[in-house]
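Understanding the architecture of this molecule
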Amino acid sequence: MKPEAISGEEFLSWRRRLLRQGGRPVDFDWLLGIGGGLEWNQFQNLYILPASIIFLEKSLEDLEDLWRIHLEKNIPLQYLIGRCPWRDFEIEVDNSVLIPRQETELLIDFALEKFESYSSGCWVDLGTGSGALAVALSRSLPGWSGHAVDCSEEALKVACRNLKKLAPTVNYQVHLGNWWEPLEPLWGLINLVLVNPPYIPIDLINGLDPVVKDHEPLLALDGGIDGLSPCREIIKGAMLALAPDGWLMMEHHHDQSLFVLELMREIGLKEVSCKFDLEGVKRFALGMHP
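I will try to describe carefully the structure that is included in this document. Predicted, not measured: the structure shown is a model, and the values here were computed from it.

Cut-offs applied
Residues numbered from 1 in each chain as written. Predicted model: local features only at pLDDT ≥ 70, side-chain atom pairs only at ≥ 80, totals over all residues. Heavy atoms only, no water. Buried < 20%, exposed > 50% of the residue type's maximum accessible area, 1.4 Å probe, protein only. Helix = DSSP H or I, 4+ residues; strand = E, 2+ residues; numbered from the N terminus. Pairing = 2+ DSSP bridges. Core = buried A, V, L, I, M, F, W, Y, C linked by side-chain atoms within 4.5 Å. Contact = heavy atoms within 4.5 Å. Axes fitted to C-alpha atoms, helices over the stretch in contact; angles between N-to-C directions. Patch = residues over 30% accessible without salt bridge, like charges linked within 9 Å, V, L, I, M, F, W, Y side chains within 5 Å. Areas by Shrake-Rupley, 256 points an atom, 1.4 Å probe, with all protein chains shown as cover. Salt bridge = Lys/Arg side-chain N within 4 Å of Asp/Glu carboxyl O. Expected span 1.5 Å × (residues − 1). Arc of directions from axis to C-beta. Disulfide = S-S within 2.5 Å.

**Quick notes on the pairing of strand 2 (residues 53–56)**
Burial of the side chains of strand 2 is restricted to one face: Ile-54 and Leu-56 are buried, whereas none of Ile-53 and Phe-55 on the reverse face is. Here four bridges tie strand 1 (residues 4–7) to strand 2, and the two strands are oriented antiparallel to one another. From the neighbouring strand, Ala-5 faces strand 2, where its bridge partner is Phe-55.

As structure tokens, this is what we get:
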């Protein structure tokens, strides 16, 4: 498709008109960047040089249609475009997978703090969804073998496409099943496990933003009555699955830190600690097999 040329003045007038219809400017500008190919510095320069010409990857009409659908139906823009930027790549997403959040990127940083100097090992991404964590691990630890697990066949299809596109030369396998179950042949051999499980208490899901509750998969949100059911199951199996000195690194709800850390200690994990998210909230729990 030939890029659409438009003057900065016309573009800024169009943007103001669209934003008067509703929605958040930050979301609209995200659409312009990912859907229209307009880089942030180009956009800012238009306020200084409004007579300049920009080129968009989609027409104004197409972008306007996407924005209208987003406003009218609360469909996430990531699903409408089919892509989401995450860490240093863009990942394919659809409504069978949770949209990867920025704070989940920190799990990769925590993992690399422990293992970046290791030339080999075995990592696992439990509940891989789109495969975002699996892709990042594959790219960051290329000498390792990897395993991505999900109980959703549709999610695994998305993860496979992302892995094949973004980490094509890495040694990995995908597994359909529930948490540790399909990995039984690897129990006792796993050096690193990252997991962002469902952790929203079921009674809180109806209070979530319609963009989330009406479109993102319930399977990836519902953590049971107290939000901890998947966490309990994952932690319970960690001592069997992890190799000695292997690490479990888990994301959880903003108010679950004390409970998750205690669960890790109860099963015998050592060096148990919490980590903070981008807003300073205790969002992650780490523990090591002794």
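There's more to say after this.
**Description of the nonpolar core**
One broad trend across soluble globular proteins is that nonpolar side chains are buried collectively. Counting 40 residues, the largest nonpolar core has Ile-108, Leu-137, Leu-192, Leu-194 and Met-249 as the members making the most contacts within it. Of all the elements in the fold, those that place two or more residues in this core are strand 3 (83–86), strand 4 (89–92), helix 6 (105–115), helix 7 (132–140), helix 8 (153–166), strand 8 (190–195), strand 9 (242–251) and strand 11 (282–288). The element contributing the most residues to this core is helix 6, with seven residues. Once you skip the residues sitting within four places of it in the chain, Leu-194 turns out to touch Leu-107, Ile-108, Ala-111, Val-124, Asp-125, Leu-126, Leu-133, Leu-137 and Met-249. Core analysis: the second largest hydrophobic core is formed by 27 residues, Val-195, Leu-228, Ile-235 and Met-250 among them.

**Overview of the sheet that holds strand 9**
Taking strand neighbours across the sheet as the criterion, the seven strands line up as 7-6-5-8-9-11-10 in an open arrangement whose pairing is mixed. In the strand order of this sheet, the two ends are held by strand 7 (171–176) and strand 10 (270–276), each with one partner. Here the average twist between neighbouring strands, direction ignored, is 15°. One ladder, built from five bridges, connects strand 8 with strand 9; its direction is parallel. Within the sheet, the bridge partner assigned to Ile-190 lies in strand 9 and is Leu-242. On top of the sheet, helix 8 reaches strand 6 (145–150) and strand 7; it is set at about 170° to strand 7, its chief contact.

**Let's talk about the environment of Met-288**
As for its position among the elements, Met-288 is in strand 11. Expressed as a C-alpha distance, the spacing of Met-288 and Gly-224, which sit 64 residues apart in the sequence, is 26 Å. Filtering out sequence-adjacent residues up to four positions away, Met-288 remains in contact with Asp-245, Gly-246, Trp-247, Leu-269, Lys-270 and Glu-271.

**Focus: a nonpolar patch on the surface**
A cluster of nonpolar side chains, Tyr-47, Ile-48 and Leu-49, forms an exposed patch at the surface whose accessible area comes to about 360 Å². Here Leu-49 shows up in the loop between helix 3 (40–48) and strand 2.

**Overview of helix 4 (residues 60–73)**
Given a rise of 1.5 Å per residue, 14 residues ought to cover 20 Å, and the 20 Å separating the end C-alpha atoms of helix 4 matches this to within 8%. Buried within helix 4 are the following residues: Leu-60, Leu-63, Leu-66, Trp-67 and His-70. Within helix 4, the buried residues cover an arc of 130° as seen down the axis, which keeps them to one side. In helix 4, the exposed positions angled more than 90 degrees off the buried face are occupied by Glu-61, Glu-72 and Lys-73. At its buried positions, helix 4 is contacted by strand 1, helix 1 (8–19), helix 2 (25–34), strand 2, helix 5 (77–81) and helix 9 (210–213). The positive-phi residue at the C-terminal boundary of helix 4 is Asn-74, with phi of around 60°.

**Concerning the state of the cysteines**
Under the criterion given, the structure shown has zero disulfides. Free cysteine: Cys-122, not disulfide-bonded; nearest cysteine sulfur from Cys-160 at 17 Å. Classification of Cys-122 as buried rests on a relative accessible area of 6%. A disulfide-free cysteine, Cys-274 has its sulfur positioned 15 Å from the sulfur of Cys-231, the nearest such atom. When its relative accessible area of 22% is taken as the criterion, Cys-274 is described as partly exposed.

By themselves these figures say nothing about function.
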